[in-house]
Amino acid sequence: CSSDLSINTNAANGNKGIWLLDPYSLYINNADSSIGTFATDGTLPTSGYSKLNLNTLYTRLGTNTVSLTATNDINLAAAFNYTGNASSLTLQAPTIVVSGNITSSNNALGLTIGKNDNSQNLFLTGTSTITSGNGNIVRYGNVGGAQALTLNSGSGTTSINSATGGFSGTYWTGGTSITGSSST
């Protein structure tokens, strides 16, 4: 795929569209560096990772609703610091690995992690804070990695939906705090 690919889902009369990526495994980082072993089992997937540069993701969020769906896993291998227009981001994969904070500082970023069948797992490699800049945060499924997780939706709503089995590890260990409105 070309690094100068440009996609625009703006509508002349209506809501912007959705930019959807759906690879087997997706690696998101702030550079085109080599991929380490970030999967939760310590191995790269046999079919390899598709790469997405964070700057490309930030640019696409400025004009699109973005949905990143992977058959195997999504690895957010760097801190996510969005400063663009109000938008929404969905991450869906059986395992989603977060290696830093997720922050939207200028405008609301609606953030959905997992899908509503609660079958997806969020694995934290360190203490993480998710701040949505007053956007809604929706989280489905288990959380593992024995790390602290803070969710801050400001004036938005934070929804944590029921965790289910199927992911080994300790969930919510290290303390969890939720700030903003809580709907569940």
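Cut-off values and rules
- Residues numbered from 1 in each chain as written.
- Predicted model: local features only at pLDDT ≥ 70, side-chain atom pairs only at ≥ 80, totals over all residues.
- Heavy atoms only, no water.
- Buried < 20%, exposed > 50% of the residue type's maximum accessible area, 1.4 Å probe, protein only.
- Phe/Tyr/Trp six-rings, centres within 6.5 Å; stacked < 30°, edge-to-face > 60°.
- Helix = DSSP H or I, 4+ residues; strand = E, 2+ residues; numbered from the N terminus.
- Pairing = 2+ DSSP bridges.
- pLDDT = per-residue confidence, 0-100.
- Contact = heavy atoms within 4.5 Å.

Here's the deal with unusual backbone geometry
Positive phi, close to 75 degrees, is recorded for Asn134, a residue that is not glycine. Overall, the relative accessible area of 45% leaves Asn134 in the partly exposed class.

Focus on the packing of aromatic side chains
Counted by the stated rule, this structure contains two aromatic pairs. Consider the rings of Tyr58 and Phe80, whose centres lie 5.3 Å apart with planes at 65 degrees: the pair is edge-to-face. Of the two residues, Tyr58 sits in helix H1 (residues 54-63) while Phe80 sits in strand S6 (residues 80-82), which places them 22 residues apart along the sequence. On the basis of relative accessibility, which here comes to 19%, the residue Tyr58 falls in the buried class. Look at Phe80 and you get buried, because its relative accessible area is 1%. On the basis of an interplanar angle of 45 degrees and a centroid distance of 6.3 Å, the ring pair of Tyr58 and Tyr82 is categorised as tilted. Taken as a pair, Tyr58 in helix H1 and Tyr82 in strand S6 lie far apart in primary sequence, 24 residues in all. Summarising the burial analysis for this pair, Tyr58 and Tyr82 share the class buried.

Topic: the sheet that holds strand S11 (residues 121-124)
Strand order across the open sheet formed by six strands is S3-S2-S5-S8-S11-S14, with parallel pairing between neighbours. Two strands bound the open sheet, and with one partner strand each, they are strand S3 (50-53) and strand S14 (143-144). Pairing geometry for strand S8 (residues 95-98) and S11, over four bridges, is parallel. Within S11, the residue paired with Val98 across the bridge is Leu124.

Some thoughts on the pairing of strand S7 (residues 87-92)
Of all six residues making up S7, five are buried, and the element is well covered by its neighbours. One ladder, built from four bridges, connects strand S4 (residues 65-69) with S7; its direction is parallel. Note that in S7 the partner of Ser67 across the bridge is Thr90. Where S7 meets strand S10 (residues 109-113), five bridges bridge the pair, whose relative direction is parallel. Bridge pairing in S10 places Thr90 opposite Thr112.

Overview of the confidence of the model for the protein chain
Looking at the protein chain, pLDDT values average 75 and 65% of them are 70 or higher. Predicted confidence for residues 37-43 stays below pLDDT 50, and this span has 13 contacts to residues more than four positions away or in other chains. pLDDT under 50 marks residues 164-176. Its contacts with residues more than four places away, or in other chains, come to 27 contacts.

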